[in-house]
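# Residue-level structure breakdown
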Amino acid sequence: MMEKRREQSKGLKKASLAMPGLGAMGNLAGGSMVGGAKMGGLEGNMRGPRVTILVREFEDFENYVGDVARSFLRQRPELPFLAVAENPPYPPLALPEGARLLVLSPSPDQPPQTHRPEFNVQTEFALLVPDGVELDHGRQIERLIRELEGEGGGPVRLVAAPVLTRSAVQCLHLRVNLREWTATYTPAASGSSGSVCTALQGDAVVLIRTEDLFNLSVPLGRPLMSSLFVQTSLRGWKVKLLEGPSFSASHRPLFSSAHNQWKADSRLKDATNHLMRSFGLKRVVLPDGRDQWFGCSKETARCFGTVRDDTPEYLYIERWTPPCCLRALRETTKYVINILESSGVRYWLEGGSLLGAARHQDIIPWDYDVDLGIYLEDVPNCDYLKNLDSGSLVDANGYVWERAVEGDFYRVQYSEANHLHVDLWPFYPRNGVMTRDTWTEHKQDVEFPEHFLQPLVPMQFAGITAYGPNNHRAFLELKFGEGVIENPQYPNPAKKRLDRSRPIGSRKPPKATILQSLAPTPIKHT
């Protein structure tokens, strides 16, 4: 019985290495990685090519993949050439002999190896080539290989050569912060012997070791350069952009009509959206400082569901509040505070929001709402609050005002679709103590001396000047315990604790703000 199983396993192994119409897997793309032996030039001592040419970025409705293949195979007919597509292109690609199409989407009648690129690239290196690029002479590829091998085992794991187009390729620094759902690009300075950076912008031919390429989670995602450099930068890898050799590209622009250019731009936008969402990146800061957003908005639901046990779902995957949610909270806070101040409603930063102002002059990076205390007697001054005994009110700017179902307080939501919100906690004075008639389990929902509010003092919060208690440290320690400002922790440590070994990276308030707290100036409400 054991011998039979062993024979069956051998049969399975053979089946996985030989697919119908493709021959042995070792010959799929030249099969040059023999025992990990070092091979010189483009061909090794076993006459196996060292590099596979991969074209991933092209559009099926108009492309020059066939011309690219002919150009490369004319100079180097022994090199494996793969055009890689998610689905079978239509119209079909007209590829010359020696070039093949690899379709990544699985088919129920084929073995899984058929669609997995790591089974189809068996060379030591992979050369990622944009559509429309031409190979002028084989020495261009050899130069790239020598440059990458010369880096040894250092951080440079990719080498790139520019494509001669109307816009030059640019070297960039890319910092990806998954905890904050953000990728930030900044320009990188050029060096005389080539630039070393973490990302590229523009057309370039990129050489990478095949082992490195297929150690990425998504080795051939689209857009290819965005997908590639997000993953390599997270691993600490760098790319070296050479000044030469340059590759020519006679097919520029790639598209012959404005309509096809529009189609390509639309597909690029869709692919970028899909990629960023799959990577959990909701904000991308471009090299010129502009933001691209891939998260929630006023027209969509927020990025997380109902919060249970005071622990939002993103904390369990080691992430903090998505930046689009923080943006919405800041907008809602600014809007609500402006209305409260113009209506003559006295308010103050409460609970975690006051804690955020004391620590960061902003919302706590993992918080999911904003809390403000208000004087109950001032509620009739605000048209949006005074008639909220039942139901809700959607104002002219799309914000939803309502009495919260969880208790005796008010809530202002970002929109009917997006339930990110600011909570308003009404208190009234009794014998010098701020109190309420009903209580919730929220930590900020406790009595406190009114002298904390006499006077209220300005504090920087969420990009605006808001007002808080005149001794915010004593106020916070009354509600949360001693040392709460200096010792951050998630709202429910029993469910999820903050890893304090990782820096929060948020600044403390400047000295001017602290001095204001010690020597407060009164606020006049109109």
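Naming follows an unreviewed UniProt entry, where the protein chain appears as Ribitol-5-phosphate transferase of Cirrhinus mrigala. UniProt's Sequence similarities (unreviewed entry) comment on the protein chain is quoted here verbatim: "Belongs to the LicD transferase family."

## Focus: the overall build of the protein chain
Of regular secondary structure, the protein chain possesses 12 helices and 26 strands. Looking at the protein chain residue by residue over its 526 residues, the buried ones come to 51%. When contacts within the protein chain are restricted to residue pairs at least 6 apart in sequence, long-range pairs at least 24 apart make up 67% of them.

## What to know about the packing of aromatic side chains
Applying the stated rule across the entire model yields 16 aromatic pairs. Plain terms: the ring middles of Tyr335 and Tyr399 are 4.0 Å apart, the flat faces sit at 15° to each other, and that makes the pair stacked. Linking Tyr335 in helix α8 (residues 323-343) with Tyr399 in the loop between β19 (392-394) and β20 (400-403), this pair joins segments that are 64 residues apart in sequence. The pair formed by Tyr335 and Tyr399 is uniform in burial state, with each residue classed as buried. Measuring from ring centre to ring centre gives 6.0 Å for Trp348 and Phe448, while their planes differ by 75°; the resulting arrangement is edge-to-face. Of this pair, Trp348 sits in strand β17 (residues 347-349) while Phe448 sits in strand β24 (residues 448-449); the two residues are 100 residues apart in sequence, bridging distant segments of the chain. Across the pair, Phe448 and Trp348 agree in class, each one buried. By way of ring pairs, the aromatic residues Trp348, Tyr375, Phe427, Trp439, Phe448, Phe452 and Phe475 are connected into one cluster. In this structure, Lys298 packs its charged tip against the face of Tyr414, placed 4.1 Å from the ring centre.

## Description of the UniProt feature "domain: LicD/FKTN/FKRP nucleotidyltransferase" (unreviewed entry) in the protein chain
Under the UniProt annotation, the feature "domain: LicD/FKTN/FKRP nucleotidyltransferase" (unreviewed entry) is placed at residues 342-378. Annotated as residues 342-378, this span is 32% helix and 24% strand, and its ends, taken at the C-alpha atoms, are 12 Å apart.

## Topic: the pairing of strand β21 (residues 410-413)
Neither face of β21 is exposed, since Tyr410 and Val412 on one face and Arg411 and Gln413 on the opposite face are all buried. The pairing of β20 with β21 spans four bridges and is antiparallel. The residue of β21 that forms the bridge with Val400 is Gln413. Counted between consecutive antiparallel strands, the loop separating β20 from β21 contains six residues. As defined by bridge partners, β21 adjoins strand β22 (residues 421-430) across four bridges and the pair is classed as antiparallel. Paired with Gln413 across the two strands is His421, which belongs to β22.

## Here's the deal with the nonpolar core
The tendency in soluble globular proteins is for nonpolar side chains to be buried side by side. Judged by nonpolar contacts, the single largest core of 67 residues is most densely connected at Leu340, Trp348, Leu372, Ile374, Leu385, Trp401 and Leu424. Per element, the largest residue contribution to this core is 10 residues, and it comes from α8. Those residues in contact with Leu372 that lie beyond four places of it in its chain are Val336, Ile337, Leu340, Tyr347, Trp348, Leu349, Glu350, Val422, Asp423, Leu424 and Trp425. Residues Val84, Ala199, Val230 and Leu286 belong to the second largest nonpolar core, which totals 43 residues.

## Focus: helix α4 (residues 139-150)
Between its terminal C-alpha atoms α4 stretches 16 Å, which fits the 16 Å expected from 12 residues at 1.5 Å a residue. Looking at α4, one finds that the buried residues are Gln140, Ile141, Leu144, Ile145, Glu147 and Leu148. Down the axis, α4 shows its buried residues gathered within 160° of arc, on one side only. Every exposed residue of α4 that faces more than 90 degrees away from the buried side is listed here: Arg139, Arg146 and Gly150.

## With respect to helix α11 (residues 472-480)
Buried within α11 we find His472, Phe475, Leu476 and Lys479. Axial view of α11: buried residues confined to an arc of 95°, hence all on one face.

What counts and how
- Residues numbered from 1 in each chain as written.
- Predicted model: local features only at pLDDT ≥ 70, side-chain atom pairs only at ≥ 80, totals over all residues.
- Heavy atoms only, no water.
- UniProt positions renumbered as here; feature names shortened; annotations may be inferred.
- Helix = DSSP H or I, 4+ residues; strand = E, 2+ residues; numbered from the N terminus.
- Buried < 20%, exposed > 50% of the residue type's maximum accessible area, 1.4 Å probe, protein only.
- Contact = heavy atoms within 4.5 Å.
- Phe/Tyr/Trp six-rings, centres within 6.5 Å; stacked < 30°, edge-to-face > 60°.
- Lys NZ or Arg CZ within 6 Å of the ring centre and 35° of its normal.
- Pairing = 2+ DSSP bridges.
- Core = buried A, V, L, I, M, F, W, Y, C linked by side-chain atoms within 4.5 Å.
- Expected span 1.5 Å × (residues − 1).
- Arc of directions from axis to C-beta.

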